[in-house]
2 protein chains.
Amino acid sequence: MVQTTALPRNEDGIKTALGVLKQQFGDRFQTGQAVRDQHGHTTTWIETQAPDAVVFPATTAEVSEIVKVCAAHRVPVIPFGTGTSLEGHVNAPAGGICVDLSQMNAVLRVNAGDLDCTVQPGVTREQLNTHLRDQGLFFPIDPGANASLGGMASTRASGTNAVRYGTMKDNVLAVEAVMPDGQIIRTGQRARKSSAGYDLTRLMVGAEGTLGLITELTLKLQGIPEAISSARCSFPSVAAACEAVMAVIQYGLPVARIELLDALTVRAVNAYSKLTLPETPLLLLEFHGTQAGVVEQADTFGTLAGEFGGEGFEAVTTAEERSALWQARHDAYWATLQLRPGAKGISTDVCVPISRLADCVGAAQARLDELGFIAPIVGHAGDGNFHALLLVDMENPQELEKADAFVGWLNDMAISMDGTCTGEHGIGQGKRPYLVKELGPATRVMAAIKAALDPDGIMNPGKVLTPGS
Amino acid sequence: MVQTTALPRNEDGIKTALGVLKQQFGDRFQTGQAVRDQHGHTTTWIETQAPDAVVFPATTAEVSEIVKVCAAHRVPVIPFGTGTSLEGHVNAPAGGICVDLSQMNAVLRVNAGDLDCTVQPGVTREQLNTHLRDQGLFFPIDPGANASLGGMASTRASGTNAVRYGTMKDNVLAVEAVMPDGQIIRTGQRARKSSAGYDLTRLMVGAEGTLGLITELTLKLQGIPEAISSARCSFPSVAAACEAVMAVIQYGLPVARIELLDALTVRAVNAYSKLTLPETPLLLLEFHGTQAGVVEQADTFGTLAGEFGGEGFEAVTTAEERSALWQARHDAYWATLQLRPGAKGISTDVCVPISRLADCVGAAQARLDELGFIAPIVGHAGDGNFHALLLVDMENPQELEKADAFVGWLNDMAISMDGTCTGEHGIGQGKRPYLVKELGPATRVMAAIKAALDPDGIMNPGKVLTPGS
C-alpha cells in the first residue's frame, strides 16, 4: 500500500462528538472496526485511514445535525456513498465521522415532461435507471461502478457516455447541500438553464465533499433512444485508431460511446472470453438515434475508419448482437487482471486534447514497457481520456515505488500536453501534487474559497487541496 | 429611467488611481463625458451610472496592472465588452475605472483537430465565426447581439441555439482571469473534461465580473453541419405550441433551435415584413445534421406538431428558403417596436421547467392585458426561457412603475414554478432582489465567496449580490 500522511487529530472534539452522535443515532451510529475499516477503504492502492465512527442519516435534517455537532467540536466529516472512488476520497487522515448516505436512497420525484428527476444522494445509477425504465427515460452517466449519484456528483464522474451526454457537471441541474456550518442550501431550481448568480451547482459538483455535503440532486434525464447500433473496428496502431477518433469527432458524428482498447487489452479479452479479435488496437462504438439514423452513423464510421487503416469493421443493431460486440469492453477489467494472477490492478487516469491522445498513449506504453510493467490501456477516446491499469504485486515495495513514479511521470506528461491529471477519477489524496502542477495559482483561489466556506477545515480534510502549497 | 442606488465613492482613491493610470496609459485612458456615459450606458431602462474613466488595455499584463492600481487604492473596476447587457451590468454606482476590453480582440489559436480555440475577451461572436468559417467550424452560442465573448461568458449567455449546444457554461473549457488582487490565474487546460479540483471555470462564467476579469477564453467549437433544415408551424394557442415543444424534447429530436412567437409578435411581423402568417402562436425550428437526417427530423416534427393542432407546417432546406422562413424571428424585435411608435422596448427574461412554460406565458399575457401593456413575447421554448418586451413610454413615471411591478410579478411567478428569475440576461443591478427570493441561503454562500476573493469589493460593485441580504 502507498502511505499517505496522517493529519493531526482533535482527540477531545472527536470524543465529545462521538458521545453526542451515539446518543442521537443509536443503532445508526457504529464504531466497530470492520465497519470503520470498510468506510475508510479505498479501491486503489492508498492505505486505509478509517474514521472513528460511521453514522447513517436518513434525512437532510439529520445530516445537518451531524455537521452541526462536528462543526461545534471541530471534528472531520467524511461523506461516503458506495466507496468506489479511486484516489483515497473516503479516507479519514485526521479521523472523524464518516457520513454514510446509503440510507438516503429515495428517488423523490420524476418529471417526465421536463426530463428531470430529484433523488437522494445514496441512489445508485443502476437503481435510478431501473426506476426510470418504464417511463422510457434514462440517466446517461456511466462510470463503470454502480456508484451513488451523490458520489458521482462529488467526483465529477463521467465514463463511456460522456462524449455524447457530458459529465456529471453537465447533468446535475441543482443540488441541495449541507454546508460546513450545518446550513442547508439549494443551488438552483428546475429550469434547464439559468444566469442567476454564481454557479454553486458546478462548485459543489467535483468538490469531493470538501465544501459541503450533497443531500439531494436534481438531474437531467434523456429519453431512451428509438434505436441503438454498435460497431467495432481494429486498427494497425494506436495512432491510426486515434486519428479515426479525431475524424469522427470533427465530422460531428454524434457517437454515444467510442472506446479504445489497446492490443494488450484485446489479447487479454481474447484469452478470457474466448474471442478471436485481431490483437491490435480496437475501437468500440455505440450510436443512439432513429432506426435510419443509427444505421447511417455506423456506416459513416465504417467509411471514416477505412481511411485510417481500420479492418474488420462490423456494425450490429439487435440487443444480443450489441452485447456480444461490446463483450470485449465489459470483460476488459477482469480479463486484464488475468494477465498477472495475484496482482492488484492500479487504475490511473489522465485526459488530454484528442490531438495528443495517440502521443500520450504511445509514450505511456513505451514507458511501461521500459519499466517492465504489464499495464493494459483502455480509453474514453472521444474525450481524450484514458486509464492505464498497472498490474502490481502489492507486497513488493520497489515495484510500488516504480508504479508511483510512473503515475507521476504520466500526470506530468498529460499536463505538458495541455491536458489534465484527472479526467474523471478526481483528486482525492492521490492527485493533490499534480493539481498544483496543473493549475498553479488557481489552486490558491480554490484554497481561499475552501477557507471562506469551511474555516475550520472539517469537511473531508486532506482531499483536493494541499495546505500551504 | 428606473433609478438605481448610488454607492459611496472613495474620492481620494479614485483621484489617485486616475492619476496613476493616466500616466501609464496615455491616450488609452479617457475621461471625456461622452466616452464615460457610453460605458455606463445600459441597453435597458436602468439609469446610466458612468465610471470616472475608461481604460483600454491591450494585454493581460496591462489588465493586471490596472487591477493592482485599483486594488491598492480600493477603486472599483468595471469590465466592459460591447455594452449589450440588459440589467445594468456595466454601470458604475460607486464610480471607478471601466476596463474596456475591445482592444483585446485577437483570436489567439484555433485547434481544429480538437474543436477548440483560444480568444481574447474582446473578440465578438460574429468576428469569431467569420474567422472560423474557412475551417468548417463555428461557435454555436448566439444571444442575438454581436456581444463580446468575454461578456457572454461573464453573463452566462445563451440564446436560440442553447437547446442543442448548451449555454456559455457548457462551451467555455477554461478561462484566464485577473483576480481582484491582480493575480493572473488559468482555470483549466484544453482537455475536454476534467475532475481536477473546484470548477473555477464555471465560477467565473456567470460571475458578471464581480470575482475577477476574464482576459482569455478557451472555447469548444462545432463542425458546421453537413445540412440544415428549417421548419415552421402555427398553433391554435400558446398551450398547444408548448405541448408540441414538450413532445419534441421528450422524443429526443435534436432540434438546434425551437423558437416560440406569440400571436402579437406574429401580427407585428406580418405588418412589418409584409408576411401573411396566421396570427396565432408560431413555432420556428432549425435542425442540424446529415442531408437525410435533417429531412427526417423536420418530418418527425411535422407529425408531432399535427398531434397538437399544428397548422401550415412547412419545412425547407436551401439557405434562401431558410432565411425567408426565419425572417419572422429575425425581424421580431424591430417589428414589435412598431406596435407602439416612440416607445422603448424593455426586455425581461425568465426561465421555467418546460411543463410550466404554457402556464407562465399564458399568465404573463393575461396580466399584461390587464395592465394595458403592449408586450409581445418571444421564447427559446426548448429551454422554457422567454422574453416579454414591454413597450413603454419612458417619460411616463406611472407606466414605468407599473412595468417595474410587472417584472417583479413575473419573476415571482417564474420562481414559484421552480424556475429562475433569469435564463440568460443575468442579475446585474436589476434582478438582485429576485436572486435572493430564488436562492435564499445560497446567496449567503455566494457572498462568502465574494468576500473571500474580493475583500474590498472592488470588482464590479453593486452587481449580482445585495450587501446585507
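How each quantity is defined
- Residues numbered from 1 in each chain as written.
- Chains lettered and ligands numbered in written order.
- Predicted model: local features only at pLDDT ≥ 70, side-chain atom pairs only at ≥ 80, totals over all residues.
- Heavy atoms only, no water.
- UniProt positions renumbered as here; feature names shortened; annotations may be inferred.
- Buried < 20%, exposed > 50% of the residue type's maximum accessible area, 1.4 Å probe, protein only.
- Helix = DSSP H or I, 4+ residues; strand = E, 2+ residues; numbered from the N terminus.
- Pairing = 2+ DSSP bridges.
- Least-squares fit on C-alpha atoms with pLDDT ≥ 70 in both.
- Contact = heavy atoms within 4.5 Å.
- Axes fitted to C-alpha atoms, helices over the stretch in contact; angles between N-to-C directions.
- Patch = residues over 30% accessible without salt bridge, like charges linked within 9 Å, V, L, I, M, F, W, Y side chains within 5 Å.
- Areas by Shrake-Rupley, 256 points an atom, 1.4 Å probe, with all protein chains shown as cover.
- Salt bridge = Lys/Arg side-chain N within 4 Å of Asp/Glu carboxyl O.
- Phe/Tyr/Trp six-rings, centres within 6.5 Å; stacked < 30°, edge-to-face > 60°.
- Lys NZ or Arg CZ within 6 Å of the ring centre and 35° of its normal.

Chain A goes by D-lactate dehydrogenase (cytochrome) in an unreviewed UniProt entry, where it is assigned to Sulfitobacter sabulilitoris. Per UniProt, chain A carries the Sequence similarities (unreviewed entry) text "Belongs to the FAD-binding oxidoreductase/transferase type 4 family." The heading Cofactor (unreviewed entry) in the UniProt record of chain A holds the text "FAD".

(A) View of the pairing of strand S6 (residues 116–119) of chain B. Residue and element names in this part refer to chain B. Every second residue of S6 is oriented toward a common face, with Asp-116 and Thr-118 on one face and Cys-117 and Val-119 on the other, all of them buried. Pairing analysis gives 4 bridges linking strand S5 (residues 107–111) to S6, with the strands arranged antiparallel. Bridge pairing in S6 links Val-110 to Cys-117. Hairpin connection between S5 and S6: a loop of 4 residues separates the two successive antiparallel strands, and Leu-115 in this loop has a positive phi of roughly 50°. Strand direction decides the pairing type here: S6 and strand S10 (residues 213–220), joined by 4 bridges, are antiparallel.

(B) Representation of the relation of the copies chain B and chain A. For the pair chain B and chain A, the best superposition has an RMSD of 0.0 Å and corresponds to a rotation of 180° with a translation of 0.0 Å parallel to the axis. On the angle and the small slide along the axis, the relation comes out as a two-fold axis. Looking at chain B, 100% of its interface residues are interface residues in chain A too, so the copies touch through the same face.

(C) Representation of the UniProt feature "domain: FAD-binding PCMH-type" (unreviewed entry) in chain A in the model. The UniProt record marks residues 47–224 of chain A with the feature "domain: FAD-binding PCMH-type" (unreviewed entry), using the residue numbering of this structure. Helix makes up 22% of residues 47–224 of chain A and strand 24%, whereas the separation of the span's terminal C-alpha atoms amounts to 41 Å.

(D) Up close: the sheet that holds strand S9 (residues 184–186) of chain B. Residue and element names in this part refer to chain B. Read across the open sheet, the 5 strands follow the order S5-S6-S10-S8-S9; overall the sheet is antiparallel. Pairing within the sheet leaves two strands with one partner each, and these edge strands are S5 and S9. Averaged over neighbouring strand pairs, the angle between their axes works out to 15° when direction is ignored.

(E) Representation of a nonpolar patch on the surface. Among the surface-exposed residues, Tyr-272, Tyr-333 and Trp-334 of chain A lie close enough to one another that they form a single nonpolar patch of about 350 Å² accessible area. By the secondary structure assignment, Tyr-272 of chain A is in helix H10 (residues 263–273).

(F) Structural view of the packing of aromatic side chains. All names here are of chain A. In this structure the tally under the stated criterion is 8 aromatic pairs over all chains. Ring centres 6.0 Å apart and planes at 55° place the aromatic pair Phe-301 and Phe-313 in the tilted group. Placement of Phe-301 in helix H11 (residues 291–307) and of Phe-313 in strand S15 (residues 311–316) is noted, with a sequence separation of 12 residues between them. We note Lys-402 situated over the ring of Phe-373; from NZ or CZ to the ring centre the distance is 5.4 Å.

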